[in-house]
Amino acid sequence: MDISIVLKGSINEVEQKIGRKILYAYVQGSQNYNLETPDSDVDVKAFCLPTFDDLFNERQFSSCLDHSFGQITVHDIRKLPVLLAKMNPYYVEGLASKLVYLDSPRPESICFIDHPEAFFNAMFQAKGFTFLQALRNLAHSELDKIHQGGPSRQATFEQFGYDPKAALHALRYASIFFAMQIPLLDPESSAYGSYVDAIRLKSASQRQRLMDVKLGKENCDALEQEIKEAIALMDSFLAQHRRIEKGPVECIETLKKEIRDWVEPLIVCPQNIKSE
């Protein structure tokens, strides 16, 4: 399966459903972690152009839809800086995604697209503790799901008696957390390099181990204990290095301006907006 074709096809499919133009999108999920299998879904995060009515009524579109190969979550592109400022791992992942879609015309420079390393490092320097806290919370959330079996994973849950993907993601978030400890304590190190290596599972042995977890080859009780111990270590680190990270982040403020400059000319040109 050609993921680039799937990404473009999903965007065309969803644009027809929502009547809005997608400006930016990226593949989010197993393809970025080198853990995809032939039957893996292709999940997409996308950001759309607001309409004149959206601007006039001060509203922002948001929806999660199915497409032919997975799910696509769509937000108004004005929400992107807010999601990044919160260091939401689902959206920070866009900076390391293997496959990104950008509509044209686009501005000459968009900081997070053209310079993802510098953008990530600047964000992490200002909000690194927030990012680690978010990773810890996601690991704990996945731990809670191991014995629940959500709707999209029901078949797997029934097969193994637990949710191996929840265990996989909990361990994956923990792995990223531990990789980002050094950049948090040493601003001179490359936060982006550590993040990309961690999210792509650069270590072949670690990648194989997590693939085994994903396929339900490991004992549930042992996995659960391992995750609980990892969360305890995360909690200890966060308590020891607690920070208060408030105030505007310069790179996020720059992104807000770049998005305004991108969006405004498109809204005043009706031919660039799909009819609703």
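Summary of the structure given here. For clarity, every value in this text was computed on a predicted model and none was experimentally measured.

Calculation rules
The written sequence of each chain sets the order in which its residues are numbered from 1. Two thresholds apply to this predicted model, a pLDDT of at least 70 for residue-level local features and 80 or more for giving and counting side-chain atom pairs, whereas whole-chain, interface and lining totals are computed over all residues. Where side-chain values are given, they derive from all heavy atoms of the structure, hydrogens and water being excluded. Working definition: helices are DSSP H or I runs of at least four residues, strands are E runs of at least two. Numbering for both runs from the N terminus. For the radius of gyration, the atom set is restricted to C-alpha positions; the globular benchmark scales as 2.2 Å times the number of residues to the power 0.38. A 1.4 Å probe rolled over the protein chains alone gives each residue an accessible area, and that area as a share of the maximum for its type sets the label: buried under 20%, exposed over 50%, partly exposed in between. The method behind every accessible area is Shrake-Rupley, applied with a 1.4 Å probe, and residues are considered shielded solely by the protein chains displayed. Positive charges are assigned to Lys and Arg, negative charges to Asp and Glu, while His and the chain termini are left out of the count. In plain terms, the charge of a residue is placed at NZ if it is Lys, CZ if Arg, CG if Asp and CD if Glu. What counts as a salt bridge is simple: a side-chain nitrogen of Lys or Arg found within 4 Å of a carboxyl oxygen of Asp or Glu. Put simply, a nonpolar core is a bunch of buried Ala, Val, Leu, Ile, Met, Phe, Trp, Tyr and Cys residues held in one set by side-chain atoms that sit within 4.5 Å of each other. We call two residues in contact when some of their heavy atoms are within 4.5 Å. Geometry is summarised by axes, namely lines fitted to C-alpha atoms with helices restricted to the contacting stretch, and by angles between N-to-C directions that run from 0 to 180 degrees. Any angle from 65 to 115 degrees is called roughly perpendicular, while one under 35 is roughly parallel, one over 145 is roughly antiparallel, and all others are oblique. Crossings are assigned a handedness: left-handed for a near helix turned anticlockwise from the far helix by less than a right angle, right-handed for a clockwise turn. Here the nonpolar group is Ala, Val, Leu, Ile, Met, Phe, Trp, Tyr, Cys and Pro; Asp, Glu, Lys and Arg are the charged ones; every other residue, Gly included, is treated as polar. Only rings of Phe, Tyr and Trp enter the pairing, Trp through its six-membered ring, and a pair is recorded when the two centres are within 6.5 Å. The plane angle decides the type: under 30 degrees is stacked, over 60 is edge-to-face, the rest tilted. Two conditions define a charge sitting above a ring: the NZ of Lys or the CZ of Arg must be within 6 Å of the ring centre, and it must be within 35 degrees of the ring normal. We call two strands paired when DSSP finds no fewer than two bridges between them.

### Side note on the overall build of the protein chain
Each helix and strand in the protein chain was counted, giving 14 helices and five strands. In terms of overall dimensions, the protein chain is globule-like: its C-alpha atoms have a radius of gyration of 19 Å, near the 19 Å expected for 276 residues. Counting only residues that meet the buried cut, the protein chain has 49% of its 276 residues in that class. If you sum the accessible surface of the protein chain, you get close to 13400 Å²; carbon and sulfur atoms cover 50% of it. Positive and negative charge centroids in the protein chain, built from 31 and 38 side chains respectively, lie 2 Å apart.

### Brief notes about the pattern of salt bridges
One pass over the full model with this rule turns up 14 salt bridges. A network of salt bridges, in which partner residues are shared, links Arg20, Asp54 and Arg59.

### Some details on the nonpolar core
In this structure, Phe119, Phe120 and Phe131 are the most contacted members of the largest nonpolar core, which totals 70 residues. For this core, the leading source of residues is helix 7 (residues 116-145), giving 11 residues. Residues in contact with Phe120, not counting those within four places in the same chain, are Val92, Leu95, Phe131, Met180, Ala191, Tyr192 and Tyr195. Residues Val6, Leu7, Val27 and Val74 belong to the second largest nonpolar core, which totals 17 residues.

### A closer look at the packing of helix 9 (residues 164-179) against helix 11 (residues 191-199)
With their axes 9 Å apart at the nearest point, helix 9 and helix 11 run at an angle of 155° to one another. The angle between helix 9 and helix 11 falls in the class roughly antiparallel. Like other packed secondary-structure pairs, helix 9 and helix 11 cross with a definite hand, here right-handed. Residues Arg172, Ile176 and Ala179 of helix 9 form the contact with helix 11, whose own contacting residues are Ser194, Tyr195, Ala198 and Ile199. The class makeup of the residues in the contact of helix 9 with helix 11 is five nonpolar, one polar and one charged.

### Points about the packing of aromatic side chains
For the structure on display, the rule yields 15 aromatic pairs. Between Phe52 and Phe56, the aromatic rings sit 6.3 Å apart at their centres with planes inclined by 20°, giving stacked as the arrangement. Linking Phe52 with Phe56, this pair stays in helix 3 (residues 52-56), spanning four residues, or about one helical turn. For Phe52, a relative accessible area of 56% puts it in the exposed group. Taken together, the aromatic side chains of Tyr24, Tyr26, Phe47, Tyr91, Phe112 and Phe119 make up a single cluster linked through ring pairs. Lys45 extends its terminal NZ or CZ atom over the ring of Tyr91, reaching a point 5.8 Å from the ring centre. In this arrangement the basic side chain of Arg172 is found over the ring face of Tyr173, its NZ or CZ atom lying 4.7 Å from the centre.

### As for the pairing of strand 1 (residues 22-27)
Taken across its six residues, strand 1 has six buried, putting it largely inside the fold. Sheet analysis places strand 1 next to strand 2 (residues 44-48), joined by five bridges and oriented antiparallel. Along strand 2, the bridge assignment pairs Ala25 with Ala46. Alignment of strand 1 against strand 5 (residues 100-102), held across three bridges, turns out to be antiparallel. Within strand 5, the residue paired with Tyr24 across the bridge is Leu102.

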